[in-house]
Amino acid sequence: MPNNSQPIKISRGRPWLVTFLAVLLLSGTARAWWNEGWTVRKKITLDPVASAVGEPIGTSVVLVRLYDGNFQFGAALEDGSGVRFIAADDKTPLKFHLERYDGLLYEAFAWVKVPDIKPGAPISFWLYYGNTGEGAPGGGDSKTTYDPETVLVWHFSETGAPVDATSGGHNAEGTGLPVSASVIAGGLRLAGQGGLIVPAAPELAWAEGGAATVSLWVKAASLAPNAVLLSRREGEKSFIIGLDNGVPYVEISGQRTAAGAALEANAWKHLAVTAEAGKLTLWVGGESYATLAVGLPALNTPFTLGKEKAADGEESPASFIGEVDEFQLAKTARPSGWVKVAALGQGGEEAEKKLIVIGEDEQSKHGGEGEIMKHLSLITDISKSLTIDGWVVIVLCALLAMVGGIVAVAKFLYLNRISKATTAFLKHWEDLSGNLHVLDSGDEETIRSMGGKATPQTQKLLKQSPLYHIYQIGFGEIQDRLATARENFTGLSGRSMQAIRSTLDGGLVREIQKLNSSLVFLTIGIAGGPYLGLLGTVIGVMITFAVIAKSGQVEVNSIAPGIAGALLATVAGLAVAIPALFAYSYIASRIKDAVSDMQVFIDEFVAKIAEFYSEPNR
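All chains use their own residue numbering, which begins from 1 and follows the written sequence. pLDDT decides what is reported in this predicted model: residues at 70 or higher carry local features, side-chain atom pairs at 80 or more are listed and counted, and totals for whole chains, interfaces and linings draw on all residues regardless. Excluding hydrogens and water, the side-chain values take into account all heavy atoms of the structure.

Novice: Can you help me understand the side chain of Lys219 in this one?
Specialist: Of note, Lys219 is situated in strand β11 (residues 212-220). A 1.4 Å probe rolled over the protein chains alone gives each residue an accessible area, and that area as a share of the maximum for its type sets the label: buried under 20%, exposed over 50%, partly exposed in between. Residue Lys219 is classed as buried on the basis of its relative accessible area, which comes to 19%. Note on contacts: a residue pair qualifies if any of its non-hydrogen atoms lie within 4.5 Å across the two residues. Residues in contact with Lys219, not counting those within four places in the same chain, are Asn266, Ala267, Trp268, Phe320, Gly322 and Glu323. Under the scheme used here, helices are H or I runs from DSSP no shorter than 4 residues and strands are E runs no shorter than 2 residues, and both carry numbers assigned from the N terminus.

If you want it as structure tokens, here you go:
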């Protein structure tokens, strides 16, 4: 029994939030590349300007010829199923199908649906290949390539009766002689001994004065009089396309277009007929050849391609002998630009090369980025099943990550400045500690300049060192005692030494507070991120099961999207916590080193002042 159930979409997300989360998870600049699973691409440009197509074109299915000079067949799958065509935005897949793909003969013919072609501007798209993995097959489908107005397309590349490439299923009755190498892949030879029948169908019916387009390629083997190429009759009404001694004509119920230049024998030429609003136009090689001020007759009978039946049922001797290729019927009158693009873009001559320019191969040079883009694509798809609760959690995690990142960067810079300033201070302290009496003058500038050794520029650097702050606190205490004692100063007592150490310890505590300030935001990220993510996951799973229970669809396609979307919240929480943990551990170790330096300096400082300022033994 077919499974018609669809995956449950609980909520659609916002792709910019997913991008922000992905930036938190992965670093590096992504290259503009549709899918890194496809390792080779080339730009294809459709240039109406270079081909002098100045008329309206619209949406058209264009032919792309590939051969060993412009395509690496060895880098693609043997059946060509890994080929993809992508729009110029490098995001939107284009509808296409392969008429033929031969990896041994190095030739391929692809029909690509290019939307909204403007006559005055080139339009580009990408050909991707080089994917030989399991994700490559299944790219083209002729049933979706053509628009609904196209009701029949025979490529003639089959070995049996021609098969309709559109979704209409109007396959031929009867067979001709297949030709393996025609103007476009395979063709059909008509020898005047029997033609092909297009069976009647409602969508092939013509209304009186209605619109239609007939398009095909012909190569006449002989230029016989009144050779009928395509006919449709019902009583006195008829529609005939033929060659009269090589002169193309269209005949509507006995009224024929005026004669023009004859076609050459054994040379391919594109013929098209468009009918609309009581006017019929015959096109030869993309140019208007003749017109007829007659509308289409109302017909709903079969078409005959090749040998025509006479009114009495007998075969008529006036039949086309030669080859045909790419026969199309549409229930609309195609614009003149469309006809010209078909004529120029399918002939395999210099005109086609001007119209369709195939660029050089571009290789995917960043394999690692390919994996990153795959993961980003998966995350984007998963995000479509996130509930609003999950998005709230991801936004909160993003804010935590942002704040934590700012704090971490600020602390890194702060600790680097401290380290540089402490190194400079210890160098000056080593010179000063040999004779502390140079500071006995009580001049604050002497203390700040460490005995006149530190320049104003160096002092700005020293002010960033916690050791320099403790040094100033210590000598401030000594200067206060020297000023109080004046001439009676004989040294610092044990009680004074203890008081100075207590003051220095107080300064140490304040410096530690500065070092540890704002680190709470990192600890919140470490502890709170996973819990926030878990909360979003639990709520998402709960809602997923509730919706499944309500809908009654219990299958992988119903469960997997919701569960995957719910787990994305946990990923967001861990993406916050893990970097925060690493940053906190590194910063904490740097702070511990800075605190150890201050403690060692305090011990050394107290020892020095005890040496220079202690009271003499009594």
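Novice: Please clarify how the environment of Ile524 should be interpreted in this entry.
Specialist: As for its position among the elements, Ile524 is in helix α11 (residues 520-551). Measuring from C-alpha to C-alpha, the distance between Ile524 and Ala580 comes to 9.0 Å, with 56 residues separating the pair along the chain. Residue contacts for Ile524: discarding those within four places in its chain leaves Leu400 and Gly529.

Novice: It is not clear to me how the packing of helix α6 (residues 388-432) against α11 should be interpreted in this structure. Could you clarify?
Specialist: Two measures define how a pair of helices packs: the angle their axes make with one another and the distance between the axes. Their axes nearest at 9 Å, the elements α6 and α11 cross at an angle of 170°. As summarised for this structure, α6 and α11 are arranged roughly antiparallel, according to the angle between their axes. Crossing hand, α6 versus α11: left-handed. From α6, Asp389, Val393, Leu396, Cys397, Leu400, Val403, Gly404, Val407 and Ala408 reach across to α11, where they touch Phe521, Leu522, Ile524, Gly529, Leu532, Gly533, Gly536, Ile539 and Ile543. For helices, the fitted axis covers only the stretch in contact; all axes are lines through C-alpha atoms, and the angles between them, taken along N-to-C directions, range from 0 to 180 degrees. For classification purposes, angles smaller than 35 degrees are called roughly parallel, those larger than 145 roughly antiparallel, those between 65 and 115 roughly perpendicular, and all remaining angles oblique. Crossing handedness follows the turn of the near helix against the far one: under a right angle anticlockwise gives a left-handed crossing, and clockwise gives a right-handed one.

Novice: I tried to follow unusual backbone geometry on my own but got confused; where do I start?
Specialist: Trans peptide bonds make up the majority, and among non-glycine residues the majority have a negative phi. Of note in the backbone geometry, Asp116 takes a positive phi value of approximately 50° without being a glycine. Note on placement: Asp116 falls in strand β5 (residues 107-117). Residue Asp116 is classed as partly exposed on the basis of its relative accessible area, which comes to 46%. Here the phi dihedral of Asn245 falls at roughly 55°; this positive angle occurs in a residue that is not glycine.

Novice: Is there a simple way to explain the sheet that holds strand β4 (residues 96-102) in this structure?
Specialist: Within a sheet, neighbouring strands are paired by backbone hydrogen bonds and run either parallel or antiparallel to one another. Across the sheet, three strands lie side by side as β2-β5-β4; this open sheet has antiparallel pairing. Strand pairing shows two members of the sheet lacking a second neighbour, β2 (58-67) and β4, which therefore form its edges. Between one strand axis and the next, the sheet turns by 20° as a mean value, whatever way the strands run. The pairing of β2 with β5 spans nine bridges and is antiparallel. Among the inter-strand pairings, Ser60 is bridged to a residue of β5, identified as Val114. Strands pair, by our definition, only if DSSP identifies at least two bridges between them.

Novice: Would you mind going over the confidence of the model for the protein with me for this structure?
Specialist: Do not read the fine detail of predicted coordinates wherever pLDDT is low. On a scale of 0 to 100, pLDDT captures the predictor's confidence in every residue. Mean pLDDT over the protein: 84, with 86% of residues reaching 70 or higher. The low-confidence segment residues 1-30 (pLDDT under 50) makes 56 contacts with residues lying over four places distant or belonging to another chain.

Novice: Hey, could you run me through the pattern of salt bridges in this one?
Specialist: Working definition: two side chains of opposite charge can pair if their charged atoms are close together. The term salt bridge refers to a side-chain nitrogen of Lys or Arg lying within 4 Å of a carboxyl oxygen of Asp or Glu. If you walk through the whole model with that rule in mind, you get 14 salt bridges. For the salt bridge of Lys42 with Asp361, the shortest nitrogen-to-oxygen distance reads 2.8 Å. You can see Lys42 sitting in strand β1 (residues 40-46) and its partner Asp361 sitting in strand β21 (residues 356-363), a full 319 residues away along the chain. You can call Lys42 buried: its relative accessible area is 2%. Using a relative accessible area of 26% as the deciding quantity, one classes Asp361 as partly exposed. Measuring nitrogen to oxygen at the nearest pair gives 3.7 Å for the salt bridge that ties Glu511 to Lys514.

Novice: Please clarify how the sheet that holds strand β19 (residues 303-305) should be interpreted in this entry.
Specialist: Ordered by their spatial adjacency, six strands build an open sheet running β10-β19-β12-β13-β14-β15, and the pairing between neighbours is antiparallel. Among the strands making up the open sheet, the edge pair consists of β10 (196-198) and β15 (255-256). Two elements, strand β12 (residues 227-234) and strand β13 (residues 237-244), share seven bridges in a ladder whose sense is antiparallel. In the strand pairing of β13, Leu230 is matched with Ile241.

Novice: In this structure, what is going on with a nonpolar patch on the surface? I would like to understand it.
Specialist: On the surface, Ile388, Val392, Val395, Leu396, Leu399, Met402 and Ile406 cluster together into a nonpolar patch covering about 610 Å² of accessible area. When you line up the elements, Ile388 lands in helix α6. Ile388 gets classed as exposed once you look at its relative accessible area, which sits at 51%. Only residues above 30% relative accessible area that lack a salt bridge enter a patch, with like-charged residues linked at up to 9 Å and the nonpolar side chains Val, Leu, Ile, Met, Phe, Trp and Tyr linked at up to 5 Å. The accessible surface values rely on the Shrake-Rupley method and a 1.4 Å probe; as for residues, cover is taken only from the protein chains in view.

Novice: Got a minute to help me understand the nonpolar core in this structure?
Specialist: If you look at soluble globular proteins, the nonpolar side chains tend to sit buried side by side. The biggest cluster of nonpolar side chains holds 43 residues, and the ones touching the most others in it are Phe425, Trp429, Tyr471, Phe475, Ile478 and Phe605. Elements supplying a minimum of two residues to this core: α6, α9 (466-485), α10 (494-516) and α12 (556-613). When residues in this core are grouped by element, the largest group, 14 residues, is from α12. Not counting chain neighbours up to four residues away, the residues in contact with Phe605 comprise Trp429, Tyr471, Gly474, Phe475, Ile478 and Leu504. Here, the term nonpolar core denotes a set of buried Ala, Val, Leu, Ile, Met, Phe, Trp, Tyr and Cys residues that are joined through side-chain atoms within 4.5 Å. If you look at the next biggest cluster of nonpolar residues, it comprises 41 residues, including Ala172, Trp206, Leu271 and Leu329.

Novice: Explain empty space enclosed by the protein here, please?
Specialist: Leftover empty space is mapped by rolling, across the atoms, a probe with the size of a water molecule. Lining residues are defined by having an atom within 4 Å of a point belonging to a cavity or pocket. Those points lie on a 1 Å grid over the protein atoms alone, cavities being sets where a 1.4 Å probe fits but cannot get out and pockets being open sets with protein on both sides within 12 Å along at least five of seven lines. Grid points are joined across faces, edges and corners, and a volume is the space filled by probe spheres set on the points. Applying the stated criterion across every chain yields a total of five cavities of 30 Å³ or more. Lining the largest cavity are Thr59, Ser60, Val61, Thr145, Tyr146, Asp147, Thr150, Gln328, Arg334, Trp338, Ala342 and Gln346. Of all elements in the fold, only β2 and α3 (336-345) reach the threshold of two or more residues within the lining of the largest cavity. Under the scheme applied here, ten amino acids are nonpolar (Ala, Val, Leu, Ile, Met, Phe, Trp, Tyr, Cys and Pro), four are charged (Asp, Glu, Lys and Arg), and all others, including Gly, are polar. Residue classes in the lining of the largest cavity are distributed as four nonpolar, six polar and two charged.

Novice: For this particular structure, what's the right way to read the packing of α6 against α10?
Specialist: Two numbers describe how α6 lies on α10: the axes approach to 10 Å, and their chain directions differ by 140°. Overall, the two elements α6 and α10 adopt an arrangement that is oblique. In contact with Lys411, Tyr414, Leu415 and Ile418 of α6, α10 contributes Lys514, Leu515 and Asn516.

Novice: I would appreciate a short explanation of α10 in the present structure.
Specialist: Residues lying three or four places apart along an α-helix face the same way, a consequence of the helix completing one turn every 3.6 residues. Helices are assigned an expected span. That span is 1.5 Å times one less than the residue count. The terminal C-alpha atoms of α10 lie 33 Å apart, and with 23 residues this matches the ideal 33 Å at 1.5 Å per residue to within 8%. Note on α10: the residue one or two positions beyond its end, Ser518, has a positive phi of about 75°.

Novice: Sorry if this is basic, but what is going on with the layout of surface pockets here?
Specialist: Within this model, the second largest pocket holds a volume of roughly 370 Å³. Along the walls of the second largest pocket sit 21 residues, with Arg65, Tyr67, Asn70, Lys353 and Ile358 positioned nearest its centre. Put simply, the parts of the chain that give the lining of the second largest pocket at least two residues each are β2, β5, α4 (350-355) and β21. Among the elements that make up the lining of the second largest pocket, the one with the highest residue count is β21 (six residues). When its residues are assigned to classes, the lining of the second largest pocket shows nine nonpolar, four polar and eight charged.

Novice: Whenever I open this one, the pairing of strand β14 (residues 247-252) confuses me. Can you help?
Specialist: Here is the key point about a regular strand: its side chains alternate between the two faces of the sheet. With six of six residues buried, β14 is to be regarded as a mostly interior element. As judged from the six bridges shared by β13 and β14, these two strands associate in the antiparallel manner. Of the residues in β14, the one forming a bridge with Phe239 is Ile252. Where β13 folds back on β14, the antiparallel hairpin that results is connected by two residues, among which Asn245 adopts a positive phi of roughly 55°. Of the strand pairs in this sheet, β14 and β15 are connected by two bridges, and their pairing is antiparallel. Residue pairing across strands places Ile252 opposite Gln255, the latter belonging to β15. Counted along the chain from β14 to the antiparallel partner β15, the turn is two residues long, and its residue Ser253 has a positive phi close to 45°.

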